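# Report on the structure
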Amino acid sequence: MTLTERRLRLAPNPLRACDLDLVGAAVSDHDVVTLLAVTSSVEFVARHTVPDRELLARLDDLVDQGGAGALAAIEILASTIGEQSSDRLNAAVRSHDSTVRRHASWRLAQRRPDGRAIPALVVELERGGIDTMHAHRTLRQWALTAPVQVLRAVTASLTVASDPACRARLIDLIGVISDRGTDELLVDIAVDRYESDAARIAALGPLGERRSSLIGESLTMLAADDDLVGAHAALALQSAQPTARSERRPGLAIAQMTLASGLDGQLSRGGRGETGGVASLVVSLGDALARHPDVAHVVTIGRGSVSDALVGPVVDDAEALSYGMIAVGDPSRPVNGAGDMWEHLPAVERGIRRVLRLAGPIDVLHLRMADVGTLAGAAVAEEAQVATCLSLAPDPHNVLESMHAQGQLDASSFDHLERTQHVWFRARMIEELGQVADRVALFPRVRSFPFLDALPHRDEAEGRARTAVIAEGIDVAAARRALDEVGSGRSAIVDQLVARIPADRRGLPLLVSVGRLHPVKGVTRVVDAWSRTLHQTCNLVIVGGDMDDPSEVERGVLVEIESIMRTRPQACAGLVLLGGQAHADVNRLLAATNVGHGDAWSPGGVYVDGAVKEEFGLAVLEAMAAGLTVVAPSTGGPSTYVDHGETGILVAPGDDLATAIASAFELVALPGRTERARTVVESRYSIDTMAGRLVDLYQPIHA
């Protein structure tokens, strides 16, 4: 029975004890994917229900147990009505368990303002990270009908808060509340040279979206300063200026976004920080969409410095593709990765609004990833009445299901995932956005998930499908060019690698892995497998990470790699950490791995993706386009295009990676393997094919 069918069956009935039995069974089995689906159904029927004493006692027990069951109970409580439900949610937002507090502050947004909860929510607002974001969204929602209560509590905290980051978080909320008094308060903070830069920057952002002579004069004065505050004032001043519209040729105007930093046409910072596969995709997809005859303009939104943001997207008839950067972070709240960006939701929203205004009018905003950029983009698009298309992958559902199937998901492991990756909220976020997006691009996959089955797949108003299965693609022409360039001997990256291989290890084939140095990419898993059993037969080349100035996340992965190699010194000479490379150089390296290079390494290397799951796996496709045998996770996209035992090896989460890599080397000489791999990629996974299918999906929006 699908989730929709279950809802229809239960909808006429009030919340019952037997409904909570379904929740309890999923909790006992540690089956979080089923628990998400069951909770959604129970939450649906809990609306307009006043829970009796037995139901409240059952929900209290679930909250007290913590873990996934507590999150389910909070969702159900938030959907019921009555003073007793409010009492329990108010208690939850003060819980000693940070996960319980976080989810209570999130779900309180769907209830009427409650003055008793506001002080606790302000405390959550000050904490930082995703806790700040949840409290911010709830207090912002409540301020629509109770602005005086919310402002009084926030300004009271501001008078005693001394930490710059804490003050900036409070000011972020003041900046989104429409009230005459907040204009003067924000100006006072912005011009106060005794105030911290973080607080002044937080005040400047919203001033760029407000209009008054006082604000204009203040911004003009501050923009004259040659410092960081002056740059942010200049950005706010520019945001306040009217936009001159230029005539454009007929066709779709498309915006697509990622919160990756350092985007440019060459993806020169590929593999560094958060600039990974999605960044590679949006850069090449932007080019492909701009080439399409039915597209007038494409603007790609990324993350950059204030100087980058000031440049803005350049939109004119001569150029069909532009980039618009948004500035996120401040001196006391630096952004070192996606996990740091949740609390910057207001700044991300303002940045998206600004780029859309400068690039507009926009027909469709394409969102992807279960991150704050997608959350912010959906809100801005709704506000501006811009249609959205969501690339919808069951992430993190597939991670949870895979761990459950392998017996690796228990109370402790779920608690770790929830605290570090916010899996429950992110799962709910993409489920809810998938329901309301104007168009949904689904990833190819072997099997579906309940929430995907429950999506409305047709737009009844237009009488057509609102969803389409669209495979991601790569630039196959770039892969061919790389093979030609390597064959002619023109490649600086290959020369760099040759110099890194010791004389006594020359002639061995290469094992290559490309990706960000992030725990989810499984780089340490690859290093461990290779150094344990394979180091005598091949050299390992890791491409990714900023070796000169690693982020905190990258530094953590490098420390783990160093720890592994310290216990296996005999393998150290065979490990080469090349760091992040421009996208074109990565293609050249993959091509050279396959064809070999003199006496430096022999032909027939292997590409390995060490992640436990991949939504699609663009780097795997690029390796196949180069003719390499690949090792990839069986969870997610690779299983739809890797022919196990023919073009590569698929690895289940519990399988031994070293054994899989050894099996992949055995496939290298399989007759016809290289041609089959390239044919699959070129015939089905070209970036131009992807662009064409997306335009077909977008078109009725434009019409």
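See the structure above.
The structure displayed is predicted, hence computed values, not measured ones. (Residues numbered from 1 in each chain as written. Predicted model: local features only at pLDDT ≥ 70, side-chain atom pairs only at ≥ 80, totals over all residues. Heavy atoms only, no water.)

## Some remarks on the overall build of the protein chain
Note the threshold: Numbering goes from the N terminus for both helices and strands, where a helix is a DSSP run of H or I of at least four residues and a strand is a run of E of at least two. C-alpha atoms define the radius of gyration, and 2.2 Å times the number of residues to the power 0.38 defines the globule rule. Throughout this description, buried means an accessible area under 20% of the type-specific maximum (1.4 Å probe, protein chains only), exposed means over 50%, and partly exposed covers the range between. Note on definitions: a residue-residue contact is assigned when non-hydrogen atoms from the two residues lie within 4.5 Å. Accessible areas in this description were obtained via Shrake-Rupley with a 1.4 Å probe; residue shielding takes into account the shown protein chains only.
A count of helical and extended segments in the protein chain gives 32 helices and 15 strands. Here the protein chain has a C-alpha radius of gyration of 26 Å; the compact-globule value for 703 residues is 27 Å, and the two agree. By principal-axis analysis of the C-alpha atoms, the protein chain measures approximately 75 × 65 × 55 Å. Within the protein chain, the proportion of its 703 residues that are buried is 59%. In the protein chain, of all internal contacts separated by at least 6 residues, the share reaching a separation of at least 24 is 73%. As displayed, the protein chain offers around 27,200 Å² of accessible surface, 51% of which is attributable to carbon and sulfur atoms.

## Points about the pairing of strand 14 (residues 629–633)
Filter applied, for reference: A clockwise course of the path from the first strand over the helix to the second, judged with the strands pointing away from the viewer, identifies a crossover as right-handed. Here the rule is simple: two strands pair whenever DSSP picks up at least two bridges between them.
The element strand 14 is largely enclosed, with a buried count of five among its five residues. In this region the chain leaves strand 13 (residues 606–608), passes through helix 29 (residues 618–625) and returns to the parallel neighbour strand 14; the handedness of that crossover is right-handed. Bridge count between strand 14 and strand 15 (residues 648–651): four bridges; the pairing is parallel. Paired with P633 across the two strands is V651, which belongs to strand 15.

## A closer look at the packing of helix 26 (residues 523–534) against helix 30 (residues 657–667)
Selection criterion: To get an axis, a line is fitted to the C-alpha atoms, and for a helix only the part in contact is used. The angle between two axes follows their N-to-C directions and goes from 0 to 180 degrees. Any angle from 65 to 115 degrees is called roughly perpendicular, while one under 35 is roughly parallel, one over 145 is roughly antiparallel, and all others are oblique.
For the pair helix 26 and helix 30, the least separation of the axes is 8 Å and the interaxial angle reads 70°. Here helix 26 is positioned roughly perpendicular relative to helix 30, judged by the angle of their axes. Side by side, helix 26 and helix 30 meet where R525, V526, A529, R532, T533 and L534 of the first sit next to L657, A658, I661 and A662 of the second.

## Here we look at the pattern of salt bridges
The criterion, for reference: Put simply, a salt bridge is a Lys or Arg side-chain nitrogen that is within 4 Å of an Asp or Glu carboxyl oxygen.
Evaluated as defined, the whole model comprises 39 salt bridges. For R107, the salt bridge is made with E432, and the minimal N-O distance between the two is 3.1 Å. With R107 in helix 7 (residues 98–107) and E432 in helix 22 (residues 423–436), this pair connects stretches of sequence that are 325 residues apart. The exposure class of R107 is buried, given its relative accessible area of 10%. Accessibility expressed as a relative area gives 38% for E432, which makes it partly exposed. One salt-bridge network, held together by shared partners, links E75, R107, R428, E431 and E432.

## Overview of the nonpolar core
Note that soluble globular proteins tend to have their nonpolar side chains buried in a common cluster. Counted only if it meets this: Put simply, a nonpolar core is a bunch of buried Ala, Val, Leu, Ile, Met, Phe, Trp, Tyr and Cys residues held in one set by side-chain atoms that sit within 4.5 Å of each other.
The biggest cluster of nonpolar side chains holds 123 residues, and the ones touching the most others in it are V150, I301, L392, L400, F414 and W424. Tallying contributions element by element places helix 5 (residues 67–79) first for this core, with nine residues. In this structure V150 touches I118, L139, W142, A143, L173 and I177, once residues within four positions along its chain are discounted. Ranked by size, the runner-up nonpolar core spans 68 residues in total, among them L281, V364, A479 and W601.

## Observations regarding the sheet that holds strand 4 (residues 364–368)
Spatially, seven strands are ordered 3-2-1-4-5-6-9 in an open sheet, and the strand pairing comes out parallel. Whereas interior strands pair on both sides, the edge strands pair on one side only; in this sheet they are strand 3 (321–327) and strand 9 (467–469). Here the average twist between neighbouring strands, direction ignored, is 20°. In terms of strand pairing, strand 6 (residues 439–442) meets strand 9 through three bridges, oriented parallel. The partner of V440 across the bridge, within strand 9, is T467. Along the sheet face, helix 19 (residues 372–384) touches strand 1 (252–261), strand 4 and strand 5 (387–392) and points at about 155° away from the line of strand 4. Contacts from helix 22 reach strand 5 and strand 6, with the element oriented near 135° to strand 5.

## Quick notes on the environment of S491
By secondary structure assignment, the location of S491 is in the loop between helix 24 (476–487) and helix 25 (492–500). For the pair formed by S491 and A592, sequence separation is 101 residues and the distance between their alpha carbons is 9.3 Å.

## A closer look at the packing of aromatic side chains
Our working definition: Geometry of aromatic contacts follows a simple scheme: Phe, Tyr and Trp rings, the Trp one being its six-membered ring, pair when their centres are within 6.5 Å, and the pair is stacked under 30 degrees between planes, edge-to-face over 60, tilted otherwise.
The tally for this structure, following the rule as stated, stands at six aromatic pairs. Here W342 and F425 contribute two aromatic rings whose centre-to-centre distance is 5.7 Å and whose plane-to-plane angle is 75°, an arrangement assigned as edge-to-face. Residue W342 is located in the loop between strand 3 and helix 18 (345–359), and its partner F425 is located in helix 22; the two are separated by 83 residues in the primary sequence. Site record: aromatic cluster; members linked through ring pairs are F443, F616, Y641 and Y685.

## So, the packing of helix 5 against helix 7
The packing of two helices is summarised by the inter-axis angle and the distance between the axes. Which entries qualify depends on this criterion: Helix crossings get a hand from a simple test, with the near helix turned counterclockwise from the far one by less than a right angle marking a left-handed crossing and a clockwise turn marking a right-handed one. When residues are grouped by polarity, Ala, Val, Leu, Ile, Met, Phe, Trp, Tyr, Cys and Pro land in nonpolar, Asp, Glu, Lys and Arg in charged, and all others, Gly among them, in polar.
Between helix 5 and helix 7, whose axes approach to 10 Å, the crossing angle comes to 25°. Of the possible angle classes, the one that applies to helix 5 and helix 7 is roughly parallel. Note on packing geometry: the crossing formed by helix 5 with helix 7 is right-handed. Contacts from A70, L71, I74, E75 and A78 in helix 5 reach T99, V100, H103, A104, W106 and R107 in helix 7. Here the contact of helix 5 with helix 7 is composed, by residue class, of seven nonpolar, two polar and two charged.

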